[in-house]
Amino acid sequence: MWQKIKDRLREPSTYAGLAGVITSVGVLGKINEAPAIADTVANAGHAIAQGDYATAIGAGLFGLLSIFMHEKGGR
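### A closer look at the packing of helix α2 (residues 12-29) against helix α3 (residues 34-50)
- The contact between α2 and α3 brings their axes to 8 Å, and the two run at 175°. With respect to each other, α2 and α3 are oriented roughly antiparallel. Taking contact as the criterion, the partners of P12, Y15, L18, A19, I22, T23 and G26 in α2 are, on α3, A34, I37, A38, V41, A42, G45, H46, I48 and A49.
- Class assignment for the residues of the contact of α2 with α3 results in 12 nonpolar, four polar and no charged.

Structural data, given as structure tokens:
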């Protein structure tokens, strides 16, 4: 069972599908950050599937920072 899960996590289509689900939930729930989260999942997932864990961690961290940090400027 665990081997099947590991095999699925090595396929880029898994992360593309997850990004699609995140996008659709974001549209239905009117969540403004959903496209950014979906893009981060897709980019990091592609790197994970290729075995490039350093890029995956970097993409994930910078994606999270871009979601949660406040923009500088007049608000």
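### Quick notes on the packing of α3 against helix α4 (residues 53-68)
- One can describe the packing of α3 onto α4 by two numbers: an axis separation of 7 Å at closest approach and a directional angle of 170°. In this view, α3 runs roughly antiparallel relative to α4, as classed from their interaxial angle. Contacts from A36, I37, T40, A44, A47 and I48 in α3 reach Y53, T55, A56, A59, G60, G63 and I67 in α4.
- Its residues placed into classes, the contact of α3 with α4 shows nine nonpolar, four polar and no charged.

### Here we look at the pattern of salt bridges
- For the coordinates displayed, the defined rule picks out two salt bridges.
- Between D7 and R10 there is a salt bridge; the shortest N-O distance is 3.7 Å.
- Judged by relative accessible area, which is 35%, D7 ranks as partly exposed.
- Here R10 falls in the partly exposed class, since its relative accessible area comes to 47%.

### Regarding α2
- With 18 residues, α2 should reach 26 Å at 1.5 Å per residue; the first-to-last C-alpha distance of 26 Å fits that figure.
- Where α2 is concerned, the buried positions are Y15, A19 and G26. For α2, the arc enclosing every buried residue in end-on projection is 45°, short of the 170-degree limit, so these residues lie on one face. In α2, those exposed residues whose orientation departs by more than 90 degrees from the buried face are V27 and L28.
- The inward-facing, buried residues of α2 contact α1 (2-9) and α3.

### Focus: unusual backbone geometry
- A positive phi angle, close to 55°, is found at K30, a residue other than glycine.
- Relative to the helices and strands, K30 is located in the loop between α2 and α3.
- Of the residues examined, K30 reaches a relative accessible area of 72% and is grouped as exposed.

Reading guide: rules and limits
Residue numbers here run from 1 along each chain, matching the order of that chain's written sequence. Owing to the predicted nature of the model, reporting of local features is limited to residues with pLDDT of at least 70; listing and counting of side-chain atom pairs is limited to 80 or more, with chain, interface and lining totals taken over all residues. Derived side-chain values reflect all non-hydrogen atoms in the structure, with water molecules and hydrogen atoms excluded from consideration. Inter-axis angles, ranging from 0 to 180 degrees, are taken between N-to-C directions of lines fitted to C-alpha atoms, where helices are fitted over the stretch in contact. Secondary structure elements follow DSSP: runs of H or I of four or more residues count as helices, runs of E of two or more count as strands, with numbering from the N terminus. When describing relative orientation, an angle under 35 degrees is termed roughly parallel and one over 145 degrees roughly antiparallel, while 65 to 115 degrees is termed roughly perpendicular and anything else oblique. For this analysis, residues touch if any pair of their heavy atoms sits within 4.5 Å. Gly is placed with the polar residues, together with every amino acid not listed as nonpolar (Ala, Val, Leu, Ile, Met, Phe, Trp, Tyr, Cys and Pro) or charged (Asp, Glu, Lys and Arg). Salt bridge criterion: a side-chain nitrogen from Lys or Arg within 4 Å of a carboxyl oxygen from Asp or Glu. For every residue, the accessible area (1.4 Å probe, protein chains only) is compared with the maximum for its type, and the residue is labelled buried under 20%, exposed over 50%, or partly exposed between those bounds. Expected span of a helix, by definition, is 1.5 Å for each gap between consecutive residues, and there is one gap fewer than residues. Within this analysis, the arc is defined by the directions that extend from the helix axis to the C-beta atoms.

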